[in-house]
Each structure stands twice: as C-alpha cells, then as structure tokens.
Amino acid sequence: MQKWSSAGKREGWRTTLALAAMLALVGCGASGSAESAAPPPFRPRSGPLDPVALVGMWKLTGIGAEAGTVVGLAPGDLTIYRSCGELLASWRADSQGLFVAGISGGTDGCDPRSRVAWLDRAAGYRLGGRGAMLVDAHGESVARLVAAGLPPPDPELFEVTDEVRRSFGTPAALPARLTPAARRDLPGRWVPAGGGSKAFERPYLKIRADGRWSASDGCNGSEGGWVAGPAGTLLATSGISTLIGCDNVPVGGWLSAARRAGFDGATLVLLDQNAEELGRLRRDNDGAGAGAGAGAPPSGN
C-alpha cells in the first residue's frame, strides 16, 4: 500500500486538499448555483480501453452524499480522502473494461471495515472526455470520476512505468486444455484440489455472487472483491487479512493474483498474467456454505 515519506508531506497535502475544496465551494457560490459547476454529459470513447488512463487524482460526482470526494488512483493503490483521514484500497482494471477494488486499510480515524457502496458495486469502467465512469455488473452507472485538478500527494507513487503497463496488459490466453470459466460458474465454496494441510483449520475459498469473496489459508482469514469477463478473464483484490504463521495453503493469494480462470473437468484452475498455474480448487460439496451450484459442471462462455 501507499507509503508516505514524511508526516510533514502528508499534512501539507491535506492542507492543499482542504484549500481546494474551499475554493470549489466559493466558486459555486459566485456562480449562484452548484449546478453550474456540474461536469458536461459523459460520452464514452470508442475503441480499446487503457486502464492506465485511470491513474490520477479524481473528484467523485453522481453518488449523492459522497459527491465531491477526492479519490487518488495510483498504480494498484486507491485512496479515498475523507475528513477522518484516508481509506486505503487496492484496485485492478483491464483493457476489456473490468474494474474491481476493495478496502484494505485506513489512517487516523477512518475505519478500514467501512463499506463504501459505490466502490463495492463497481465492476467495470468507461473512459470519456477528461474522466471516467464506474459501472456495475449490469453496465449501470455507479459513480463518475472527473479530474480533480490537484497534484498527487507523492508523484513517485503515481508514476506509470513499463512494469505498471505490463501489469495492466492483456493476460496470456487460457491453455487449450481448459474450458473458460464464466462468471456464473464461480460462486460457491471451494477447497484445494490437492487436499488439506497441517494448518489449524481446513483451507477454503468462498466466492459470492455479489462480487465479494472470503477465504482462509488454514490459519488466516482474508477477503476482497472479484469480477470476471469473457474468455476466462478474472480480476480480484485482496483486503484485510489476519497474520498468523502456519503451514498453510494460500487460496486467497491464488485468487488475488489470478488473471484467468478455467476448468479442467470439474476442477477450477487459476492462472496468472503469463498463464502460469497458481492453484487448483474443487467444489466443497460437503462444506458449510456451499453454493447452490455445487457439483454442477462448468457452463462455459
């Protein structure tokens, strides 16, 4: 997550943010109406999407009480700036328009367990003009991002390197031996296909239909968000986790590192950016909380 070089830099940027917010309010008052400050209609761009375009400082619109909130999207790290401090999150996006994010920490008085409705609902994005639109799994608008006109608190964190561009790139194709996993195939409770471990409890991964997941590696609980697209594409984030050392099976880590998912028969196979296998899972037909589709064959795309 984000690292600040000094408390002075952080406090100085907070002062800049507060002054910008005050000037925005003064500007609205001088114009006689807040509506005059509203951004122009959103017109999505045609052609391929570039997730790198999401990196920057943004102001939220179209989300009711949270409108005007400043959000920073550095490569892999998302920060929501609030009066309590910051909510810290991880995020991922791809060239197909998939987007997922999840809260992983907080500073000062901001509770990292806070649920942020618009962030939880976001499953995709569209680019247009000088901003972007976050959309839900049905393509409906969740929130609009418009340029905040603010410098990033630490420019180095927002630098887009060749490595960053590669991380946003299209993953290698799914191996021909695997059947692409469709979104409807994934919800349910999964366990490592190779059996258990010497951990305190049985490792598992529970994928929920609402775009959230929870897991245990046998010792530590973890959670996050996920979204799936065509040809087995998959993006997931990892949020808050406990830290207990043991002989574990990192099923949550498999999911958060995955870029594609496919089936080898009834076995779910998770693969990374280079189509290297991360891990194999089978449905936990006997486990508590198994999905309604447990035991069913994959439907494909």
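### What to know about the confidence of the model for the chain
Low pLDDT means the predicted coordinates in that region are not meant to be read closely.
Part 1 of the argument: Of all residues in the chain, 77% attain a pLDDT of 70 or more, and the chain-wide mean is 82.
Part 2 of the argument: Taken together, the stretch residues 18-36 has pLDDT below 50 and engages in five contacts with residues farther than four places along the chain or on a different chain.
Part 3 of the argument: Note on residues 289-297: pLDDT under 50 across the span, and 12 contacts to partners over four residues away in sequence or across chains.

### Considering the packing of aromatic side chains
Part 1 of the argument: What the rule picks out here adds up to three aromatic pairs.
Part 2 of the argument: Pairing Trp-91 with Phe-168 gives two aromatic rings, centres 5.4 Å apart and planes at 35 degrees, and the pair type is tilted. You can see Trp-91 sitting in strand β4 (residues 85-93) and its partner Phe-168 sitting in helix α3 (residues 162-168), a full 77 residues away along the chain. This pair shows no difference in class: Trp-91 is buried, exactly as Phe-168 is.
Part 3 of the argument: Plain terms: the ring middles of Trp-190 and Phe-263 are 6.2 Å apart, the flat faces sit at 40 degrees to each other, and that makes the pair tilted. Of this pair, Trp-190 sits in strand β10 (residues 188-192) while Phe-263 sits in strand β15 (residues 260-264), and the two are 73 residues apart along the sequence.
Part 4 of the argument: Judged by its relative accessible area of 0%, Trp-190 falls in the buried class.

### Considering the environment of Gly-128
Part 1 of the argument: You can see Gly-128 is positioned in strand β6 (residues 124-128).
Part 2 of the argument: Separated by 83 residues in the primary sequence, Gly-128 and Arg-45 place their C-alpha atoms 5.0 Å from one another.
Part 3 of the argument: Apart from the residues lying within four places of it in its own chain, the contact partners of Gly-128 are Phe-42, Arg-43, Pro-44 and Arg-45.

### Description of the pairing of strand β11 (residues 204-207)
Part 1 of the argument: Examined bridge by bridge, β10 and β11 share three bridges and lie antiparallel to one another. Note that in β11 the partner of Arg-189 across the bridge is Lys-206.
Part 2 of the argument: Across four bridges, β11 lies against strand β12 (residues 212-216) in antiparallel orientation. What sits directly across from Leu-205, in β12, is Ala-215.

### A few points about the pattern of salt bridges
Part 1 of the argument: Throughout the structure, instances matching the rule amount to 11 salt bridges.
Part 2 of the argument: Asp-284 is the partner of Arg-202 in a salt bridge, and the nearest nitrogen-oxygen pair spans 3.2 Å. In this pair, Arg-202 sits in the loop between β10 and β11 while Asp-284 sits in the segment after β17 (277-283), placing the two residues 82 residues apart along the sequence.
Part 3 of the argument: Of the residues examined, Arg-202 reaches a relative accessible area of 44% and is grouped as partly exposed.
Part 4 of the argument: Between Asp-210 and Arg-208 there is a salt bridge, with the nearest N and O atoms lying 2.6 Å from each other.

### Here's the deal with the nonpolar core
The nonpolar side chains of soluble globular proteins are, as a tendency, buried together.
Part 1 of the argument: The biggest cluster of nonpolar side chains holds 38 residues, and the ones touching the most others in it are Leu-54, Leu-78, Ile-80, Trp-91, Phe-99, Trp-118 and Leu-119.
Part 2 of the argument: Sequence-distant contacts of Leu-54, defined by excluding residues within four places in its chain, comprise Leu-73, Trp-91, Ala-93, Phe-99, Tyr-125, Leu-127 and Ala-132.
Part 3 of the argument: Of all hydrophobic cores here, the second largest spans 21 residues; its members include Ala-215, Ala-236, Leu-255 and Leu-268.

### Considering the sheet that holds strand β8 (residues 141-147)
Part 1 of the argument: Ordered by their spatial adjacency, eight strands build an open sheet running β5-β4-β3-β2-β1-β8-β7-β6, and the pairing between neighbours is antiparallel. The open sheet is flanked by β5 (99-106) and β6, the only strands paired with a single partner. When the angles between neighbouring strand axes are averaged without regard to direction, this sheet yields 30 degrees.
Part 2 of the argument: Pairing analysis gives five bridges linking strand β7 (residues 131-135) to β8, with the strands arranged antiparallel. From the neighbouring strand, Leu-134 faces β8, where its bridge partner is Ala-143.

Rules and cut-offs
Residues numbered from 1 in each chain as written. Predicted model: local features only at pLDDT ≥ 70, side-chain atom pairs only at ≥ 80, totals over all residues. Heavy atoms only, no water. pLDDT = per-residue confidence, 0-100. Contact = heavy atoms within 4.5 Å. Phe/Tyr/Trp six-rings, centres within 6.5 Å; stacked < 30°, edge-to-face > 60°. Helix = DSSP H or I, 4+ residues; strand = E, 2+ residues; numbered from the N terminus. Buried < 20%, exposed > 50% of the residue type's maximum accessible area, 1.4 Å probe, protein only. Pairing = 2+ DSSP bridges. Salt bridge = Lys/Arg side-chain N within 4 Å of Asp/Glu carboxyl O. Core = buried A, V, L, I, M, F, W, Y, C linked by side-chain atoms within 4.5 Å. Axes fitted to C-alpha atoms, helices over the stretch in contact; angles between N-to-C directions.

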